[in-house]
Amino acid sequence: MQAKACHLLPTKLPAAASPPKLPPPTYNTPQHNTISRAAISIAAPTTTPEELSTTVHDPVAPDDTVTAFWDYQFLFVSQRAETAKPIALRLVDGVLPNDFPSGTYYLTGPGLFSDDHGSTVHPLDGHGYLRAFKIDAARGKVEFMARYIETEAQAEERDPSTGEWRFTHRGPFSVLKGGKMVGNTKVMKNVANTSVLRWGGRLFCLWEGGDPYEIEGQTLTTVGKFNLASDRKMSPETDDDGGERFTADFLGVAAKILKPILHGVFKMPPKRLLSHYKIDVKRNRLLIMSCNAEDMLLPRSNFTFYEFDSNFKLLQSQEFNIPDHMMIHDWAFTDSHYILFGNRIKLDVAGSMTAVFGLSPMISALSLNPSKSTSPIYLLPRFPNAQPNRLARDWRVPIEAPSQMWVLHVANAFEEKNLNGNLHIQIQASSCSYHWFNFQKMFGYDWQSGRLDPSMMNLEQGQEKLLPHLVQVNISLDAKGNCQECRVNDLNQWNRPSDFPVINQDFSGTKNTYVYAASSSGSRQALPHFPFDTVVKLDTVDKSTHTWSTGRRRFIVCSFNTEVLSCYPGSKVDGRKNALVARFEVPRHLNFPLGFHGFWAPHTQVSRPIAQEFALSASAP
């Protein structure tokens, strides 16, 4: 049986006497012919969130751009408070059922966006802030904890005696205005803010590009870095003939030159661990993936896959050298394949120069490469020696999907083989258009002004297809590995902006029935597409969909994650009936900003991620 969807729900918004006295920003609406770019400040406000909450419109009033201004801003308000001791959350509505699964839901994400010296950072560069919701259904009790992950960057940027923050690391997506800007080589700011993993009885927070940090699960105390891949003995790099590969070509020479420079100057590890992992429940294996640091600057891509048992013993590793310049954030696996969607990129020479000198974010060294109308999908052999007598498909030749798409997250992939040896592979994912995705403006952050622009995430009517949405990819291979068909369709014909698709991880890599995702109802004129306000459950068998929406001025950012200012963990929301069973209140002084990815660790069985069972919702103040 697959998991039921459960959620963290918001409270109603407080009424206010009058709107803030600010120039009303202009948002894109159906009345406009072009996309208007309204700026929202991400800087620390001069008033507290509580004071700001008394200046917005009454929640029953019609939408306007002023309330949208504050609503979007409150997604990224810094939270400096922590609680090392569990706090019992107050039940404000309903009853926590006895059959609710007991366990702890861990959520990580950025917690700090501005320091005390005039610098702001992109949300992806915000220091990791780990939250834990411990649910005890037998006692009808929920406890909450929240602590910053004590990374090396956090130790340098936060004064332990005064609590003052001064950003010194620029990070990949930011430029420091109140700190050292020109010549700042502190690019690799591992903030451990992207995903959470519990494996082998140990808890970790991961970041895109560095080693994970281990966390003590009961107290959220940071144990330290954990070298999950960098110090492991790996299998020899091999070529098509299985012999050791010695690269003497130009790219090989360039890589040898770049490696010590990137490591010595910018502190980039030779192998950069990705933040998305996979768990093969059937084999009881943890699967992780790394890329080479120098590949950011070279027109090729090296990816290494590692498989561990529950004691972190390395069972196998494989490296694949792909002659294409790609950026991968998420990926998939099946019984016999690793699957990569090739998001094509290219080196931006002008951007590289300004980035190296600290005049623009490091990510500006790259730009998207929409030169082809198709999208490459690489099917990499997971166990190449498993069937030695079977004709192996040349994995260097990708399947070309018939549409151009930038893949953001992958929910699942599985394969089925018929009696004739033909293979069918299905992949469920979220993707967006190359014409919309922008490295430097994710979440609408403008590094030059340090402000947020909600119109980046909210487009004109008729342009919704450019935004993230759910897709289903079907690939058919004959017994010799030749591609017979590749189709890309909207998942269950669901065409609303959506992202963060997940499944019950018990079915990861095998055939699943349900996919859960964050989506938008489109009910709000000023913010029609983001922040997400809806959870959608899609049945891939009967093609039905069920939704639950938060209501006006309430948001969900799923994977499943987030909340702002009024935070309520709830249980058993029936999408068909839109019925709430219980709500618990997070103390106002501990309300927190946007989260990214979470992990559900049940108390009565082997810990595994079933994040789709829980969502976190947000309401504006």
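These figures come from a predicted structure and were not determined experimentally.

Asks: I'm lost on the sheet that holds strand 4 (residues 103-108) in this one. Help?
Replies: The strands making up a sheet are joined through hydrogen bonds of the backbone, oriented either antiparallel or parallel. Judged by pairing direction, the sheet is antiparallel, and its five strands sit side by side in the order 2-6-5-4-36 without closing on themselves. Looking at the sheet topology across the chains shown, the edges are occupied by strand 2 (83-88) and strand 36 (597-602). Sheet twist, expressed as the mean angle between neighbouring strand axes with direction ignored, is 15°. Across eight bridges, the pairing between strand 5 (residues 129-136) and strand 6 (residues 141-148) is antiparallel. Looking across to strand 6, one finds that Ala132 is bridged to Met145.

Asks: Is there a simple way to explain the packing of aromatic side chains in this structure?
Replies: Given two aromatic rings, one states the distance between the centres and the angle between the planes to describe the pair. One pass over the structure, following the stated rule, counts 24 aromatic pairs. When the centroid spacing of 5.1 Å and the interplanar angle of 40° are considered together, the rings of Phe204 and Phe226 count as tilted. Here the residue Phe204 occupies a position in strand 8 (residues 202-206), and Phe226 occupies one in the loop between strand 10 (222-225) and helix 4 (250-266), the gap between them amounting to 22 residues. Both residues of the pair, Phe204 and Phe226, belong to the buried class. Taking the centre distance of 6.1 Å and the plane angle of 15° together, the rings of Phe443 and Phe596 count as stacked. With a gap of 153 residues between them, Phe443 in the loop between strand 24 (423-432) and strand 25 (445-446) and Phe596 in the loop between strand 35 (582-585) and strand 36 connect regions that are remote in the sequence. Exposure class is identical for Phe443 and Phe596. Each is buried. An aromatic cluster is built from Tyr72, Phe76, Phe113, Phe443, Phe530, Phe532 and Phe596, whose rings are joined through pairwise contacts.

Asks: Any chance you could explain the pattern of salt bridges here in plain terms?
Replies: Two side chains carrying opposite charge are able to pair once their charged atoms lie near each other. On inspection of all chains with the given rule, the structure shows 23 salt bridges. With a closest N to O distance of 3.1 Å, Glu82 and Arg158 form a salt bridge. With Glu82 in the loop between helix 2 (65-73) and strand 2 and Arg158 in the loop between helix 3 (152-157) and strand 7 (195-199), this pair connects stretches of sequence that are 76 residues apart. Its relative accessible area of 33% is what places Glu82 among the partly exposed residues. Measuring nitrogen to oxygen at the nearest pair gives 3.7 Å for the salt bridge that ties Lys511 to Glu416. In this pair, Lys511 is assigned in the loop between strand 29 (498-502) and strand 30 (514-519) and Glu416 in strand 23 (residues 406-417), connecting sequence segments 95 residues apart. Of the residues examined, Glu416 reaches a relative accessible area of 37% and is grouped as partly exposed. Residues joined by salt bridges that share partners form a network here, namely Asp280, Lys282, Arg283, Arg285, Glu307, Asp335 and Arg382.

Analysis parameters
- Residues numbered from 1 in each chain as written.
- Predicted model: local features only at pLDDT ≥ 70, side-chain atom pairs only at ≥ 80, totals over all residues.
- Heavy atoms only, no water.
- Pairing = 2+ DSSP bridges.
- Helix = DSSP H or I, 4+ residues; strand = E, 2+ residues; numbered from the N terminus.
- Axes fitted to C-alpha atoms, helices over the stretch in contact; angles between N-to-C directions.
- Phe/Tyr/Trp six-rings, centres within 6.5 Å; stacked < 30°, edge-to-face > 60°.
- Buried < 20%, exposed > 50% of the residue type's maximum accessible area, 1.4 Å probe, protein only.
- Salt bridge = Lys/Arg side-chain N within 4 Å of Asp/Glu carboxyl O.

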